[in-house]
Amino acid sequence: MSNQYKRILLKLSGESLMGEKQYGIDEKRVNEYATQIKEIAEMGIEIGIVIGGGNIFRGLSGTTQGVDRVKGDQMGMLATVINSLALSSALEKVGQKARVFTAINMFPIGEHYSKWKAIEAMQRGEIAIISCGTGNPFFTTDTGSALRGIEIEADVMLKGTRVDGIYTADPEKDPTAVKFDKISYDEIYTRGLKVMDLTATTLCKENHLPIIVFDMDTVGNLKKVMSGENIGTLVY
Ligand code: UDP
């Protein structure tokens, strides 16, 4: 077992919480995530989590239906809170303590986020689930997770997706796509790869936060990544 990572920031997309469903939260998937997360918490790793909201609402898609962008983004941020509560509940159910933080004050739904409160929670062995993305419209939860990862001084940001890493092209569309074992931040730009939005990638680059993109939907993979197995793509 490698002790490479003492503290991590795990980003889960809202869409991945849908599992097989078309909308909302798939309990089976959330429970699988909770079990995987508990497993690595038991390895002594401190864990911060940022969840997206795309399974419920995205501000940008709302604008096509006439929703004001700022209000739409606020709806999206609230969606991340719903997902965070669902995951914290699933974690508690498997016996793993967790605490929900919100970038926007909405006590008692969660605690108003601060770097120090989140770190204290992680040091007590609780999972810090940090919701609302950055707390601002016009951002994404990828950027929120880059920001929180840097703030909480995580050693790495893990981006759990349904694909097992970064490819030269979308492997779900292009069968000739080849996977990278590792790739530099700059190469993501120059190749125009859609790994995360550029704001998030830039934040990680400027603050030297490495990213591992891996398939979180295969049960056991999170532990493999934490044990140093080379199953995803490292962005450095
Ligand atoms: N959002 C926002 N500011 C943030 C993070 C998220 O306004 O800092 C809103 C935005 O509308 C976004 C939605 O929340 O579309 C859900 O987040 P995201 O699209 O990143 O979720 P994911 O794709 O990871 O499920």
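All of these numbers come straight from a predicted model, not from anything done at the bench. (Residues numbered from 1 in each chain as written. Predicted model: local features only at pLDDT ≥ 70, side-chain atom pairs only at ≥ 80, totals over all residues. Heavy atoms only, no water.)

(A) Inspection of the nonpolar core at higher detail. Grouped together as the largest cluster of nonpolar side chains are 31 residues, with contacts concentrated most on Ile-8, Leu-10, Ile-37, Ile-49, Leu-87 and Leu-158. A per-element tally of this core places helix α2 (residues 27–41) first, with six residues. Setting aside residues no more than four positions away along its own chain, Leu-10 makes contact with Ile-37, Gly-48, Ile-49, Val-50, Leu-158, Phe-214, Met-216 and Leu-222. The next biggest cluster of nonpolar side chains, apart from the first, holds 16 residues, and it includes Ile-183, Ile-188, Met-196 and Ile-211. (Core = buried A, V, L, I, M, F, W, Y, C linked by side-chain atoms within 4.5 Å. Buried < 20%, exposed > 50% of the residue type's maximum accessible area, 1.4 Å probe, protein only. Helix = DSSP H or I, 4+ residues; strand = E, 2+ residues; numbered from the N terminus. Contact = heavy atoms within 4.5 Å.)

(B) Expanded view of the site of the ligand. Around the ligand sit 21 residues, and of these Arg-58, Asp-73, Thr-134, Asn-136 and Thr-141 come closest. Within the backbone of Gly-76, an N or O atom sits 3.5 Å from an oxygen atom of the ligand. Within the complex, the protein chains bury 92% of what would otherwise be the 520 Å² of accessible surface of the ligand. For the shell around the ligand, the elements supplying multiple residues, two or more each, are α1 (14–17) and α4 (69–93). Ranked by the residues each element gives to the shell around the ligand, the list is headed by α4, at three residues. (Near = heavy atom within 4 Å. Polar contact = N/O pair within 3.5 Å; in protein donor to acceptor, adjacent residues only side chain to side chain. Areas by Shrake-Rupley, 256 points an atom, 1.4 Å probe, with all protein chains shown as cover.)

(C) Fine view of the pairing of strand β8 (residues 211–215). Of all five residues that make up β8, five are buried, and the element is covered over most of its length. The alternating pattern of β8 places Ile-211, Val-213 and Asp-215 and Ile-212 and Phe-214 on opposite faces, both of which are buried. As defined by bridge partners, strand β6 (residues 156–161) adjoins β8 across five bridges and the pair is classed as parallel. Bridging across to β8, Lys-159 finds its partner in Val-213. (Pairing = 2+ DSSP bridges.)

(D) How the structure looks around the layout of surface pockets. Taken as a whole, the second largest pocket spans an internal volume of roughly 190 Å³. Residue lining of the second largest pocket: 13 residues in total, with Tyr-5, Ile-212, Glu-229, Asn-230 and Leu-234 positioned closest to the centre. When grouped by side-chain class, the residues that make up the lining of the second largest pocket number five nonpolar, five polar and three charged. (1 Å grid on protein atoms, 1.4 Å probe; cavity = no way out; pocket = protein on both sides within 12 Å on 5 of 7 lines; lining within 4 Å. Points joined across faces, edges and corners; volume = space filled by probe spheres on them. Nonpolar A, V, L, I, M, F, W, Y, C, P; charged D, E, K, R; others polar.)

(E) Structural detail: unusual backbone geometry. A cis amide bond links Phe-107 with the next residue in sequence, Pro-108, at an omega value of 10°. Locating Pro-108 in the fold gives a position in the loop between β3 (98–102) and β4 (111–112). Positive phi, close to 75°, is recorded for Cys-132, a residue that is not glycine. For Cys-132, the position within the fold is in the loop between β5 (127–131) and α6 (141–151). With a phi close to 60°, Glu-153 is a non-glycine residue in the positive phi region.

(F) Summary view of the packing of α2 against α4. Between α2 and α4, the least distance of the axes is 9 Å, while the angle of their chain directions is 60°. On the basis of the axis angle, α2 is oblique to α4. Along this stretch, α2 crosses α4, giving a crossing that reads as right-handed. Contacts between α2 and α4 involve Val-30, Asn-31, Tyr-33, Ala-34 and Ile-37 from the first element and Ala-86, Leu-87, Ala-90, Leu-91 and Lys-93 from the second. Residue composition of the contact of α2 with α4, by class: eight nonpolar, one polar and one charged. (Axes fitted to C-alpha atoms, helices over the stretch in contact; angles between N-to-C directions. Parallel < 35°, antiparallel > 145°, perpendicular 65-115°, else oblique. Left-handed = near helix turned anticlockwise from the far one by under 90°.)

(G) Spatial organisation of the environment of Phe-139. Locating Phe-139 in the fold gives a position in the loop between β5 and α6. Sequence separation between Phe-139 and Ala-79 is 60 residues; the distance between their C-alpha atoms is 14 Å. Those residues in contact with Phe-139, other than ones at most four positions away along the chain, are Thr-134 and Thr-199.

(H) Spatial organisation of the UniProt feature "domain: Aspartate/glutamate/uridylate kinase" (unreviewed entry) in the protein chain. Annotation from UniProt places "domain: Aspartate/glutamate/uridylate kinase" (unreviewed entry) at residues 6–215. Secondary structure content for residues 6–215 is 40% helix and 18% strand, and the end C-alpha separation is 21 Å. (UniProt positions renumbered as here; feature names shortened; annotations may be inferred.)

(I) Structural view of the pairing of strand β2 (residues 46–51). For β2, a buried count of six out of six residues is recorded, marking the element as mostly surrounded by other parts of the structure. The two faces of β2 match: Glu-46, Gly-48 and Val-50 on one face and Ile-47, Ile-49 and Ile-51 on the other face are all buried. Strand direction decides the pairing type here: strand β1 (residues 7–12) and β2, joined by six bridges, are parallel. Along β2, the bridge assignment pairs Ile-8 with Ile-47.

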